[in-house]
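# Fold and contact review
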Amino acid sequence: MMAEAKPTAARYTEFHPRWYRPNVSVYWWMGQRQYLKFILRELSSVFVAIFVVETLFMLSALKSGPQAYADFQNTMASSLMIALNVICFLFVLFHTITWFNLAPSAMPVRLGGKRVSAFLVAAPSYVAWIVISAGVYWLVTSWSLT
Amino acid sequence: MARQSDEAFFWILFSAGGVVAALLIPVQLFLFGLAIPLGWIQPPTYEHLMALVRLPLVRLYLFVLCSLSLFHWAHRFRYTLYDGLRVKHLNEIIFTLCYGGAVVGTIVAAYLLWTIA
(Lines give C-alpha, C1' and ligand atoms only; values in the text may rest on other atoms or scores of the structure.)
Protein backbone atom coordinates (compact mmCIF):
# COMPACT_ATOMS: atom_id res chain seq x y z
CA MET A 1 0.00 0.00 0.00
CA MET A 2 1.34 3.43 -0.88
CA ALA A 3 0.28 4.93 2.40
CA GLU A 4 2.33 2.33 4.26
CA ALA A 5 5.49 2.83 2.22
CA LYS A 6 5.43 6.62 2.38
CA PRO A 7 3.67 7.78 5.53
CA THR A 8 4.34 11.43 4.72
CA ALA A 9 2.32 11.15 1.56
CA ALA A 10 -0.84 10.79 3.66
CA ARG A 11 -3.07 13.80 3.45
CA TYR A 12 -5.88 14.26 5.91
CA THR A 13 -8.94 15.29 4.04
CA GLU A 14 -12.56 15.21 4.95
CA PHE A 15 -13.02 12.25 2.64
CA HIS A 16 -10.19 10.11 3.88
CA PRO A 17 -11.18 6.45 3.78
CA ARG A 18 -11.96 5.08 7.19
CA TRP A 19 -9.19 2.84 8.50
CA TYR A 20 -10.31 -0.30 10.19
CA ARG A 21 -7.86 0.01 13.00
CA PRO A 22 -8.82 0.15 16.63
CA ASN A 23 -8.05 3.51 18.16
CA VAL A 24 -5.10 2.89 20.48
CA SER A 25 -4.71 5.10 23.52
CA VAL A 26 -1.61 7.20 24.03
CA TYR A 27 -1.18 5.32 27.31
CA TRP A 28 -1.23 1.84 25.73
CA TRP A 29 2.11 0.98 27.34
CA MET A 30 0.98 1.57 30.91
CA GLY A 31 -1.26 -1.47 31.25
CA GLN A 32 1.20 -4.32 31.10
CA ARG A 33 4.63 -4.85 32.61
CA GLN A 34 6.13 -6.01 29.32
CA TYR A 35 4.93 -2.88 27.52
CA LEU A 36 6.15 -0.64 30.32
CA LYS A 37 9.53 -2.36 30.23
CA PHE A 38 9.67 -1.81 26.48
CA ILE A 39 8.99 1.91 26.80
CA LEU A 40 11.48 2.31 29.66
CA ARG A 41 14.08 0.45 27.58
CA GLU A 42 13.49 2.77 24.65
CA LEU A 43 13.59 5.82 26.94
CA SER A 44 17.02 4.77 28.20
CA SER A 45 18.29 6.38 25.00
CA VAL A 46 17.36 9.79 26.43
CA PHE A 47 19.76 9.20 29.31
CA VAL A 48 22.44 8.05 26.89
CA ALA A 49 22.05 11.43 25.17
CA ILE A 50 22.20 13.28 28.52
CA PHE A 51 25.48 11.53 29.25
CA VAL A 52 26.89 12.72 25.92
CA VAL A 53 25.83 16.31 26.66
CA GLU A 54 27.57 16.11 30.06
CA THR A 55 30.68 14.74 28.37
CA LEU A 56 30.69 17.59 25.85
CA PHE A 57 30.40 20.10 28.70
CA MET A 58 33.29 18.39 30.44
CA LEU A 59 35.46 18.54 27.31
CA SER A 60 34.56 22.20 26.88
CA ALA A 61 35.57 22.89 30.50
CA LEU A 62 38.85 20.99 30.09
CA LYS A 63 39.57 23.03 26.96
CA SER A 64 38.93 26.31 28.82
CA GLY A 65 41.46 25.55 31.56
CA PRO A 66 41.84 24.38 35.16
CA GLN A 67 39.49 27.01 36.63
CA ALA A 68 36.67 26.13 34.22
CA TYR A 69 37.18 22.45 35.01
CA ALA A 70 37.00 23.13 38.77
CA ASP A 71 33.72 25.00 38.18
CA PHE A 72 32.45 22.08 36.15
CA GLN A 73 33.32 19.68 38.96
CA ASN A 74 31.43 21.85 41.45
CA THR A 75 28.37 21.76 39.22
CA MET A 76 28.64 17.97 38.93
CA ALA A 77 28.79 17.70 42.74
CA SER A 78 25.51 19.60 43.20
CA SER A 79 22.65 17.50 44.51
CA LEU A 80 20.62 18.16 41.37
CA MET A 81 23.33 16.75 39.10
CA ILE A 82 23.95 13.81 41.43
CA ALA A 83 20.25 12.97 41.39
CA LEU A 84 20.18 13.25 37.59
CA ASN A 85 23.26 11.08 37.26
CA VAL A 86 21.88 8.40 39.59
CA ILE A 87 18.82 8.16 37.34
CA CYS A 88 21.01 8.23 34.22
CA PHE A 89 23.22 5.49 35.62
CA LEU A 90 20.27 3.20 36.38
CA PHE A 91 18.80 3.71 32.91
CA VAL A 92 22.16 3.14 31.22
CA LEU A 93 22.64 -0.09 33.18
CA PHE A 94 19.16 -1.11 32.05
CA HIS A 95 20.19 -0.35 28.47
CA THR A 96 23.38 -2.42 28.80
CA ILE A 97 21.65 -5.45 30.25
CA THR A 98 18.71 -5.40 27.83
CA TRP A 99 21.06 -4.80 24.89
CA PHE A 100 23.31 -7.73 25.72
CA ASN A 101 20.37 -10.00 26.38
CA LEU A 102 18.81 -9.07 23.06
CA ALA A 103 21.82 -10.34 21.10
CA PRO A 104 20.87 -14.04 21.30
CA SER A 105 17.41 -13.27 19.84
CA ALA A 106 18.69 -10.86 17.19
CA MET A 107 21.53 -13.12 16.14
CA PRO A 108 20.86 -16.82 16.74
CA VAL A 109 24.16 -18.67 16.65
CA ARG A 110 24.21 -22.25 15.40
CA LEU A 111 27.00 -24.69 15.95
CA GLY A 112 26.88 -28.16 14.40
CA GLY A 113 23.20 -27.72 13.57
CA LYS A 114 22.28 -26.91 17.16
CA ARG A 115 21.34 -23.53 18.44
CA VAL A 116 23.81 -22.19 21.00
CA SER A 117 22.06 -21.33 24.24
CA ALA A 118 21.12 -17.71 24.87
CA PHE A 119 23.40 -17.62 27.88
CA LEU A 120 26.47 -18.57 25.84
CA VAL A 121 25.72 -15.95 23.18
CA ALA A 122 25.23 -13.17 25.74
CA ALA A 123 28.13 -14.13 28.03
CA PRO A 124 30.99 -12.74 25.86
CA SER A 125 29.31 -9.32 25.90
CA TYR A 126 29.35 -9.29 29.68
CA VAL A 127 32.99 -10.39 29.76
CA ALA A 128 33.93 -7.64 27.27
CA TRP A 129 31.94 -5.13 29.34
CA ILE A 130 33.82 -6.01 32.53
CA VAL A 131 37.25 -5.98 30.84
CA ILE A 132 36.63 -2.65 29.04
CA SER A 133 35.17 -1.05 32.18
CA ALA A 134 38.20 -2.11 34.19
CA GLY A 135 40.47 -0.66 31.48
CA VAL A 136 38.70 2.70 31.44
CA TYR A 137 38.66 2.78 35.25
CA TRP A 138 42.39 2.14 35.32
CA LEU A 139 43.12 4.79 32.64
CA VAL A 140 41.19 7.45 34.54
CA THR A 141 42.38 6.65 38.06
CA SER A 142 45.84 5.06 37.90
CA TRP A 143 47.40 5.50 34.48
CA SER A 144 50.49 7.69 34.31
CA LEU A 145 52.62 8.91 31.44
CA THR A 146 55.89 7.82 33.02
CA MET B 1 11.85 12.34 5.71
CA ALA B 2 13.91 9.22 5.23
CA ARG B 3 13.28 7.07 2.24
CA GLN B 4 12.78 3.41 2.99
CA SER B 5 16.30 2.60 1.77
CA ASP B 6 17.90 5.05 4.22
CA GLU B 7 16.35 3.17 7.09
CA ALA B 8 19.06 0.50 6.99
CA PHE B 9 21.78 3.12 7.27
CA PHE B 10 20.16 4.74 10.31
CA TRP B 11 19.58 1.35 11.83
CA ILE B 12 23.27 0.46 11.53
CA LEU B 13 24.20 3.72 13.30
CA PHE B 14 21.58 2.97 15.96
CA SER B 15 22.89 -0.52 16.43
CA ALA B 16 26.57 0.45 16.55
CA GLY B 17 25.69 3.23 19.00
CA GLY B 18 23.82 0.75 21.15
CA VAL B 19 26.89 -1.46 21.46
CA VAL B 20 29.20 1.47 22.21
CA ALA B 21 26.79 2.93 24.77
CA ALA B 22 26.25 -0.43 26.47
CA LEU B 23 29.96 -1.16 26.80
CA LEU B 24 31.36 2.27 27.65
CA ILE B 25 28.83 4.60 29.22
CA PRO B 26 28.22 2.78 32.53
CA VAL B 27 31.86 2.98 33.64
CA GLN B 28 32.30 6.57 32.45
CA LEU B 29 29.08 7.74 34.03
CA PHE B 30 29.98 5.94 37.24
CA LEU B 31 33.38 7.65 37.35
CA PHE B 32 32.57 11.20 36.22
CA GLY B 33 28.94 11.40 37.32
CA LEU B 34 29.07 9.64 40.69
CA ALA B 35 32.41 8.40 42.04
CA ILE B 36 34.42 11.57 41.42
CA PRO B 37 31.78 14.19 42.40
CA LEU B 38 30.86 12.21 45.53
CA GLY B 39 34.50 11.74 46.53
CA TRP B 40 34.37 7.92 46.45
CA ILE B 41 37.74 7.85 44.70
CA GLN B 42 40.74 10.12 44.49
CA PRO B 43 39.76 12.50 41.65
CA PRO B 44 42.15 12.61 38.68
CA THR B 45 43.92 15.95 38.36
CA TYR B 46 43.29 18.39 35.53
CA GLU B 47 46.75 17.59 34.14
CA HIS B 48 46.04 13.87 34.23
CA LEU B 49 42.84 14.28 32.24
CA MET B 50 44.52 16.62 29.76
CA ALA B 51 47.37 14.13 29.29
CA LEU B 52 44.74 11.48 28.52
CA VAL B 53 42.80 13.68 26.12
CA ARG B 54 45.99 14.59 24.24
CA LEU B 55 46.39 10.97 23.19
CA PRO B 56 44.94 10.62 19.66
CA LEU B 57 43.42 7.24 20.52
CA VAL B 58 41.56 8.67 23.50
CA ARG B 59 40.21 11.47 21.32
CA LEU B 60 39.09 8.98 18.69
CA TYR B 61 37.45 6.92 21.44
CA LEU B 62 35.57 9.94 22.80
CA PHE B 63 34.48 11.02 19.33
CA VAL B 64 33.10 7.59 18.46
CA LEU B 65 31.43 7.32 21.86
CA CYS B 66 29.72 10.72 21.59
CA SER B 67 28.69 10.51 17.95
CA LEU B 68 27.40 6.94 17.78
CA SER B 69 25.61 7.26 21.13
CA LEU B 70 23.77 10.31 19.81
CA PHE B 71 22.71 8.49 16.64
CA HIS B 72 21.58 5.63 18.84
CA TRP B 73 19.45 8.07 20.82
CA ALA B 74 18.08 9.75 17.67
CA HIS B 75 16.79 6.51 16.20
CA ARG B 76 15.37 5.06 19.37
CA PHE B 77 13.79 8.27 20.59
CA ARG B 78 12.21 8.87 17.18
CA TYR B 79 10.44 5.54 17.28
CA THR B 80 9.51 5.97 20.93
CA LEU B 81 7.69 9.15 19.97
CA TYR B 82 6.04 7.44 17.00
CA ASP B 83 4.87 4.37 18.86
CA GLY B 84 4.72 5.56 22.44
CA LEU B 85 3.04 8.91 21.97
CA ARG B 86 1.45 8.00 18.64
CA VAL B 87 2.41 11.27 17.00
CA LYS B 88 2.93 10.00 13.47
CA HIS B 89 1.65 13.24 11.98
CA LEU B 90 4.76 15.03 13.30
CA ASN B 91 7.09 12.69 11.39
CA GLU B 92 9.12 15.33 9.62
CA ILE B 93 9.78 17.61 12.57
CA ILE B 94 10.69 14.70 14.87
CA PHE B 95 13.01 13.29 12.23
CA THR B 96 14.73 16.64 11.81
CA LEU B 97 15.06 17.31 15.53
CA CYS B 98 16.42 13.85 16.37
CA TYR B 99 18.97 13.38 13.60
CA GLY B 100 19.68 17.12 13.49
CA GLY B 101 20.53 16.96 17.18
CA ALA B 102 22.82 14.00 16.59
CA VAL B 103 24.60 15.78 13.74
CA VAL B 104 25.04 18.97 15.80
CA GLY B 105 26.39 16.95 18.74
CA THR B 106 28.80 15.15 16.43
CA ILE B 107 30.09 18.45 15.05
CA VAL B 108 30.50 19.92 18.56
CA ALA B 109 32.38 16.79 19.68
CA ALA B 110 34.64 16.93 16.62
CA TYR B 111 35.36 20.63 17.18
CA LEU B 112 36.12 20.23 20.90
CA LEU B 113 38.33 17.19 20.43
CA TRP B 114 40.15 18.76 17.51
CA THR B 115 40.94 22.01 19.36
CA ILE B 116 41.35 20.76 22.94
CA ALA B 117 45.08 20.05 22.90
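Here we summarise the structure given alongside this text.

Calculation rules
Residues numbered from 1 in each chain as written. Chains lettered and ligands numbered in written order. Predicted model: local features only at pLDDT ≥ 70, side-chain atom pairs only at ≥ 80, totals over all residues. Helix = DSSP H or I, 4+ residues; strand = E, 2+ residues; numbered from the N terminus. Buried ≥ 20, exposed ≤ 12 C-beta atoms within 10 Å, placed from the backbone. Contact = placed C-beta atoms within 7 Å. Nonpolar A, V, L, I, M, F, W, Y, C, P; charged D, E, K, R; others polar. Axes fitted to C-alpha atoms, helices over the stretch in contact; angles between N-to-C directions. Parallel < 35°, antiparallel > 145°, perpendicular 65-115°, else oblique. Left-handed = near helix turned anticlockwise from the far one by under 90°.

### Looking at the environment of Ile25(B)
Mapping Ile25(B) onto the fold places it in helix 1 (residues 6-35). Assessed through the 25 C-beta atoms surrounding it within 10 Å, Ile25(B) is described here as buried. Spatially, the C-alpha atom of Ile25(B) lies 9.8 Å from that of Cys66(B), the residues being 41 residues apart in sequence. Contact partners of Ile25(B), with chain neighbours within four places excluded, come to Val48(A), Phe51(A), Val92(A) and Ser69(B).

### Quick look at the interface of chain A and chain B
With 48 residues of chain A at the contact, the number on the chain B side is 48 residues. Considering each element in turn, the side of chain A that touches chain B owes the most residues, 17 residues, to helix 2 (residues 33-64) of chain A. In the side of chain A that touches chain B, the residues fall into 35 nonpolar, ten polar and three charged.

### Details of the packing of helix 4 (residues 79-106) of chain A against helix 1 of chain B
Close contact between helix 4 of chain A and helix 1 of chain B brings their axes to 9 Å; oriented N to C, the two are set at 155°. Relative to helix 1 of chain B, the element helix 4 of chain A lies roughly antiparallel. Crossing geometry of helix 4 of chain A relative to helix 1 of chain B is assigned as left-handed. Where helix 4 of chain A abuts helix 1 of chain B, its residues Asn85(A), Cys88(A), Phe89(A), Val92(A), Leu93(A), His95(A), Thr96(A), Trp99(A) and Phe100(A) lie against Gly18(B), Ala21(B), Ala22(B), Ile25(B), Pro26(B), Leu29(B), Phe30(B), Gly33(B) and Leu34(B).

### Regarding the environment of Val53(B)
The topology assignment puts Val53(B) in helix 2 (residues 46-54). Judged by local crowding, Val53(B) falls into the partly exposed class, with 18 C-beta atoms found within 10 Å. Placed 64 residues apart in sequence, Val53(B) and Ala117(B) show a C-alpha to C-alpha distance of 7.5 Å. In this structure Val53(B) touches Leu62(A), Val58(B), Arg59(B), Ile116(B) and Ala117(B), once residues within four positions along its chain are discounted.

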